[in-house]
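# Summary of the model geometry
Now for the letters of each chain:
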Amino acid sequence: MNKITRRNFLKTWQGVVGAFATLATIPSLYYWWWDQPHKPNNTENWIDLGKAKKIKENLWLKRPISFDIQDRWKTRTIKEMLYVFRMGKSVTILSSICPHAGCLIKTENNGFICPCHNSFFDNKGLVVEGPSPRPLDSMEWTVKKGRLYVKYEQFRSGIGTKELLG
Ligand code: FES
């Protein structure tokens, strides 16, 4: 039978304290991990915006979109408004999320305005005045079999370059 020496006791005690200290970090690690931006598994979200030719020309149109993404183990529904402009075969699609701090822009005076801090963008989405550090974010698009598809992406706000979120 092993004799309980002071040394053995201290070793065991250190092991127990170490195990508890490790276990104590699990909740904080979990919450840290949970707060990180989660990259959706389906990183390419091509959304059907309907027949391209049916989109009125020379006019900014609002197009609400909604789709589900798998975010780790749960499904989230993304809802957003896009602005679509068509001139013949050329299309421009802008996010309605202001690059300054993420408020929703709206059309005004042949351009766009953000009601939060009054950034004003011209009808191409370029900054005319206000604190927005970059133009409105344009989205990639394609036409397949006559239907317009947009590649939906979200970008980091508050910085001068267009960086993907996630
Ligand atoms: S969030 Fe749009 S100007 Fe600040």
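Notes on the structure in this doc start here.

Criteria and thresholds
Residues numbered from 1 in each chain as written. Predicted model: local features only at pLDDT ≥ 70, side-chain atom pairs only at ≥ 80, totals over all residues. Heavy atoms only, no water. Core = buried A, V, L, I, M, F, W, Y, C linked by side-chain atoms within 4.5 Å. Buried < 20%, exposed > 50% of the residue type's maximum accessible area, 1.4 Å probe, protein only. Helix = DSSP H or I, 4+ residues; strand = E, 2+ residues; numbered from the N terminus. Contact = heavy atoms within 4.5 Å. Pairing = 2+ DSSP bridges. Axes fitted to C-alpha atoms, helices over the stretch in contact; angles between N-to-C directions. Salt bridge = Lys/Arg side-chain N within 4 Å of Asp/Glu carboxyl O. Polar contact = N/O pair within 3.5 Å; in protein donor to acceptor, adjacent residues only side chain to side chain. Disulfide = S-S within 2.5 Å.

### Considerations on the nonpolar core
By size, the foremost hydrophobic cluster in this structure holds 17 residues, and its most contacted members are L49, I93, L148 and Y152. For this core, the elements supplying multiple residues, two or more each, are β1 (45–51), β2 (61–71), β3 (74–87), β4 (90–95) and β10 (147–152). It is β2 that contributes the most residues to this core, four residues altogether. Setting aside residues no more than four positions away along its own chain, L148 makes contact with I47, D48, L49, G50, A52, I55, V84, V91, I93, W141, T142 and V143. Formed by eleven residues, the second largest nonpolar core is a distinct cluster that contains Y83, L94, I105 and C114.

### Structural notes on the sheet that holds strand β9 (residues 140–144)
If you trace the three strands from one edge of the open sheet to the other, you get β1-β10-β9, paired in antiparallel fashion. Looking along the sheet, the strands with just one partner apiece sit at the ends: β1 and β9. Adjacent strand axes in the sheet meet at a mean angle of 25° when their direction is disregarded. Note that β9 and β10 share five bridges and pair antiparallel. Paired with E140 across the two strands is K151, which belongs to β10.

### Considering the environment of P99
Relative to the elements of secondary structure, P99 occurs in the loop between β4 and β5 (106–108). The sequence separation of P99 and K162 amounts to 63 residues, and the corresponding C-alpha distance is 8.7 Å.

### Regarding the pattern of salt bridges
Pairing is possible between side chains of opposite charge, provided their charged atoms come close. Applying the stated criterion across every chain, the model contains six salt bridges. Linking R134 and D137 is a salt bridge whose minimum nitrogen-to-oxygen distance equals 2.8 Å. Each member of the pair R134 and D137 is classed as buried. Ionic contacts of the salt-bridge type, sharing partners, join the residues E140, K151 and E153 into one network.

### Notes on the side chain of R86
In this structure, R86 sits in strand β3. According to the relative accessible area criterion, R86 is buried, its value standing at 10%. At 2.8 Å, the side chain of R86 and the backbone oxygen of I55 are in polar contact. In contact with R86, not counting residues within four places along its chain, are A52, K53, I55, K56, E57, N58, L59 and V91.

### With respect to the pairing of β2
Alignment of β2 against β3, held across eleven bridges, turns out to be antiparallel. Following the sheet pairing, D71 is matched in β3 by K74. Hairpin geometry of β2 and β3 is characterised by an intervening segment of two residues between the two adjacent antiparallel strands and by a positive phi of about 55° at R72.

### Focus: the state of the cysteines
Using the criterion set out here, one finds one disulfide in the structure. Disulfide pairing places C103 opposite C116 at an S-S distance of 1.9 Å. Between C103 and C116, the S-S dihedral sits near -95°, and the bridge is therefore left-handed. Residue C103 is located in the loop between β4 and β5, and its partner C116 is located in the loop between β6 (111–113) and β7 (120–121); the two are separated by 13 residues in the primary sequence.

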